[in-house]
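Remarks on the overall topology
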Amino acid sequence: MFYPRWIVNFAKGPSVLRRNTAPTQGRRIPPQARLFSHSLAIRHLDAGSCNGCESEISLLSSPVYDLSRFGFSFTPSPRHADLLLVTGVVTEAMVPMIRATYDAMPAPKLVVAAGTCAIDGCVFRGAPGVIGDLERIVPVDVRISGCPPTPDDLLDGLLAAVGRQAPAAGDVG
Amino acid sequence: MEIEVGPGPYQRPSRCGFPSLRFAEEQEFAPEAFESSNPDPAVTGEGMHVVPLGPVRADVAEAMRYEMDVLGDEIHGLSLKRGYKPRGVERLMRGAEVGRALEIAERVTGTSTVAHALAFSLAVEDALGLQVDERTSLLRSALAELERLHSHLGDLASLAASTGTVAAAADLYRVRESVLRFGRHWTGHRYLRGAIAPGGWRLGLADVTSEISNFLEDVEHQFLAVRRALDHTNSFLDRLHGAGRIPAQQPLDLVGVVGRASGSTEDVRWDRPYAWYPELCAGRSPAGAAMGDAFGRYFVRCEEVQHSIAMLRRDGAASAMPSELPSIAIDGVGCGLVEAPRGRLFYRVELSKGSIATVRIRTPSSINWVAVPLAVANHNILQDLPIIDASFNLAVASLDL
């Protein structure tokens, strides 16, 4: 019997609860996150990365990972953004910009900390001028660990942030 | 209409908004420092306005602030503001053990992991008077060339994307992804982290002898196809020719791809060969171009991709076993000089009782950023900025350190 995918997914329950592994550690997925599940505008913000995370994020647009097949896209303007994707150790100099970007985004909004640096500072924890935890600046919904997180991990995390499950290998999503 | 040209960035490189580009002995991390780094507008006059950009800018880009003095569409001046992402690298390494300092060095610039690890290791080996065997040298330069390959492919892909040549960008990203996956297969990490260490290897390497020639053949075949197509795409070439030309009269002493694209022949691999480069560079000369514009940088990158593939072919790819970190508690000073994907990278390490006393790092991006304002404020319009930016593709992480 054929059922549309959304009915199947609905019957299985929230996909976030089904995820048991993954490098993504979700804290709380707001119920509104489902609003973005098939149309998500992402604003990337560098808060002191080594450019490894940027290198992997830019590969998300490549045909190998192709995040547009999920309805996701990058946007230059925080006014159009649903999700703030933060990389880097969170330096003190970037705190006002992180707050301003977050405030400029319309609610409901999501924040994803990408890379170990944004979660706990990685090897730079305790350095002068380094805060090392994005949670201290803005509320974080999903954390994606890895140094840098691979594009697969990033896709998993972004899908988890909007309450979707990553497709199995070979699935076209 | 009168336009007054002040002491702008294209006259005096020292005023490009870099307060601490010099090799200062002690650098304080003051977030305000960059706010007042360039108090005067570079160009003033009627109709002149400032287009600010950043530090949160473009789609996916590092934090840096551009302030362009624009008249109509033409950019007459650019001041850059840095200092948004200093992580205190040199300070953090002070007093650290060699292993921890190596981990930090690998994270100074993500896409130049091998170059930083190698320069650091060479400096520590120099300080301790260690010698590594031929096979280690050979594999180290193989990893360095693999890194140059993926870094240049990424730069070329973003250059193609910036000109709207998205099909070529997609192909180049795909090739780059295959290089990154090969790196993971070989060393266990896509960016080759955790491979090189002072005295030998940190985690060892897998044996890829049987696969590497097929892999290189694939990469070369796909890359040459894209390059041939791009070399015959006028809409792509038209955007590069003359865009972001670095004025020739400025004695800037640029390094790396940016330097070699504007007439310099400096390449550490040829000038001061390290690792296995005395063998690899024999019978070859560094790629070069004299134009100094975006096309020159495109051309040099393409040539170097082909060089790297040829060097990897001669290198071979054996496995390696992890070795112990040297724990000789002697004091000493050593230097490491390598050619990173973006240019000359220098480490000076002072060891004291087995740990790091001081480190000084001179990255290629910290040298080359001064050329960006000069190149941008040289008869370009606003629409050229993404192309010029992509043709330089310098790292902000290794400028702010």
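Residues numbered from 1 in each chain as written. Chains lettered and ligands numbered in written order. Predicted model: local features only at pLDDT ≥ 70, side-chain atom pairs only at ≥ 80, totals over all residues.

The next subject is the overall build of chain B. Scanning chain B for helices and strands turns up 15 helices and 11 strands. Counting every position in chain B, which comprises 401 residues, the buried fraction comes to 55%. A sequence separation of at least 24 residues applies to 75% of the contacts in chain B between residues at least 6 apart. (Helix = DSSP H or I, 4+ residues; strand = E, 2+ residues; numbered from the N terminus. Buried ≥ 20, exposed ≤ 12 C-beta atoms within 10 Å, placed from the backbone. Contact = placed C-beta atoms within 7 Å.)

One can find Phe120(B) in helix α3 (residues 113–128). For Phe120(B), the residues in contact, after removing those within four places along its chain, are Leu102(B), Ala105(B), Gly336(B), Tyr347(B) and Val349(B).

With that settled, the discussion passes to the interface of chain B and chain A. Reports often express the size of an interface as the amount of accessible area lost when the parts come together. Contacts between the two partners involve 35 residues from chain B and, on the opposite side, 35 residues from chain A. Contributions of two or more residues to the side of chain B that touches chain A are made by α1 (89–93), α2 (98–106), α4 (134–162) and α5 (166–187) of chain B. Ranked by the residues each element gives to the side of chain B that touches chain A, the list is headed by α5(B), at 4 residues. Within the side of chain B that touches chain A, the residues separate by chemical class into 18 nonpolar, 7 polar and 10 charged. (Nonpolar A, V, L, I, M, F, W, Y, C, P; charged D, E, K, R; others polar.)

Turning next to the sheet that holds strand β8 (residues 332–340) of chain B. Residue and element names in this part refer to chain B. Ordered in space as β8-β9-β10, the 3 strands form an open sheet in which the pairing is antiparallel. Both edges of this open sheet fall to β8 and β10 (355–362), since each of them pairs with a single strand only. Direction aside, neighbouring strands of the sheet carry axes that sit 20° apart on average. One ladder, built from 9 bridges, connects β8 with strand β9 (residues 343–352); its direction is antiparallel. Pairing of Ala-340 across the sheet is with Gly-343, part of β9. On top of the sheet, α3 reaches β8 and β9; it is set at about 150° to β8, its chief contact. (Pairing = 2+ DSSP bridges. Axes fitted to C-alpha atoms, helices over the stretch in contact; angles between N-to-C directions.)

This paragraph deals with the environment of Asp141(A). Residues and elements named next belong to chain A. The topology assignment puts Asp-141 in the loop between α5 (116–120) and β6 (142–144). The exposure class of Asp-141 is buried, given the 22 C-beta atoms found within 10 Å. Spatially, the C-alpha atom of Asp-141 lies 20 Å from that of Ser-49, the residues being 92 residues apart in sequence.

Moving on, we get to the sheet that holds strand β5 (residues 74–81) of chain B. Two modes of strand pairing occur in sheets, parallel and antiparallel, and in both the strands are linked by backbone hydrogen bonds. Residues and elements named next belong to chain B. Across the sheet, 4 strands lie side by side as β3-β4-β5-β11; this open sheet has antiparallel pairing. Edge positions in the sheet fall to β3 (49–53) and β11 (380–381), since each of these pairs with one other strand and no more. Looking at chain direction, strand β4 (residues 65–71) and β5 are connected through 7 bridges and run antiparallel. Counterpart to Tyr-66 in the pairing with β5 is Leu-80.

Further remarks concern the confidence of the model for chain A. Note that predicted coordinates carrying low pLDDT should not be read in detail. Here chain A averages 81 in pLDDT, while 78% of its residues score no lower than 70. Scored below 50 in pLDDT, residues 13–23 of chain A shows 20 contacts in the model against residues more than four places distant or in partner chains. (pLDDT = per-residue confidence, 0-100.)

Our focus in this paragraph is the packing of α3(B) against α4(B). Residue and element names in this part refer to chain B. One can describe the packing of α3 onto α4 by two numbers: an axis separation of 8 Å at closest approach and a directional angle of 145°. Contacts between α3 and α4 involve Thr-113, Val-114, Ala-115 and Leu-118 from the former and Arg-140, Leu-143, Ala-144 and Glu-147 from the latter. By residue class, the composition of the contact of α3 with α4 is 5 nonpolar, 1 polar and 2 charged.

As a further point, take the nonpolar core. One finds Val86(A), Val112(A), Ala119(B) and Leu172(B) to be the most contacted residues of the largest nonpolar core, which totals 169 residues. Of the residues forming this core, the biggest block, 12 residues, is contributed by α4(B). Residues in contact with Val86(A), not counting those within four places in the same chain, are Leu45(A), Ala47(A), Ile98(A), Val111(A), Ala113(A), Ala114(A), Ala118(A) and Leu134(A). (Core = buried A, V, L, I, M, F, W, Y, C linked by C-beta atoms within 7 Å.)

Residue and element names in this part refer to chain B. Within β9, 7 of the 10 residues are buried, leaving the element largely enclosed by the surrounding structure. Joining the antiparallel neighbours β8 and β9 is a turn of 2 residues. Pairing of β9 with β10 involves 7 bridges; the strand directions are antiparallel. Paired with Val-349 across the strands is Val-359, a residue of β10. Joining the antiparallel neighbours β9 and β10 is a turn of 2 residues, in which Lys-353 adopts a positive phi near 55°.

What follows concerns the packing of α4(B) against helix α14 (residues 385–392) of chain B. All names here are of chain B. Taken N-terminus to C-terminus, the directions of α4 and α14 make an angle of 170°; their axes are 8 Å apart at the nearest point. With respect to α14, the axis of α4 lies roughly antiparallel. Residue-level contacts link Ser-158, Leu-159 and Ser-162 of α4 to Pro-386, Ile-387, Ala-390 and Ser-391 of α14. Of the residues contributing to the contact of α4 with α14, the split by class is 4 nonpolar, 3 polar and no charged. (Parallel < 35°, antiparallel > 145°, perpendicular 65-115°, else oblique.)

Moving on to unusual backbone geometry. Residues and elements named next belong to chain A. The peptide bond linking Ala-107 to Pro-108 adopts the cis configuration, its omega dihedral lying at -5°. If you trace the backbone, Pro-108 turns up in the loop between α4 (95–104) and β5 (110–114). Going from Cys-147 to Pro-148, the amide bond is cis rather than trans, its omega being -15°. Looking at the element boundaries, Pro-148 is found in the loop between β6 and α6 (151–161). Unlike most non-glycine residues, Cys-122 shows phi in positive territory, near 50°. Residue placement: Cys-122 occurs in the loop between α5 and β6.

The next thing to look at is the confidence of the model for chain B. Residue and element names in this part refer to chain B. The share of residues in chain B with pLDDT of 70 or more is 85%, and the mean pLDDT across the chain is 82. Of the regions scoring below 50 in pLDDT, residues 1–40 engages in 72 contacts with residues more than four places distant in sequence or in other chains. Two numbers describe this predicted complex: its pTM, 0.85, and its ipTM, 0.84.

With that out of the way, let us pick up α5(B). Taking 1.5 Å of rise per residue, 22 residues should cover 32 Å, and α5(B) covers 31 Å from first to last C-alpha, within 8% of that figure. Taken from the residues just after α5(B), Gly188(B) is the one with a positive phi, measuring 95°. (Expected span 1.5 Å × (residues − 1).)

A separate point is the pairing of β5(B). All names here are of chain B. For β5, the buried fraction is high: 7 of the 8 residues fall into the buried class. In textbook terms, the turn of a hairpin is the stretch between consecutive antiparallel strands, and for β4 and β5 this stretch comprises 2 residues, one of which, Gly-72, has a positive phi near 65°. Relative to β11, β5 is paired through 2 bridges, and the arrangement is antiparallel. Its bridge partner lying in β11, Ile-75 is registered against Asn-380.

Let us look at the environment of Asn393(B). Residue and element names in this part refer to chain B. Tracing the chain through its elements places Asn-393 in the loop between α14 and α15 (397–400). Taking the C-alpha atoms as reference points, Asn-393 and Glu-220, 173 residues apart in sequence, are found 23 Å from one another. Residues contacting Asn-393, with those up to four places away along its chain left out, are Asp-155 and Ser-158.

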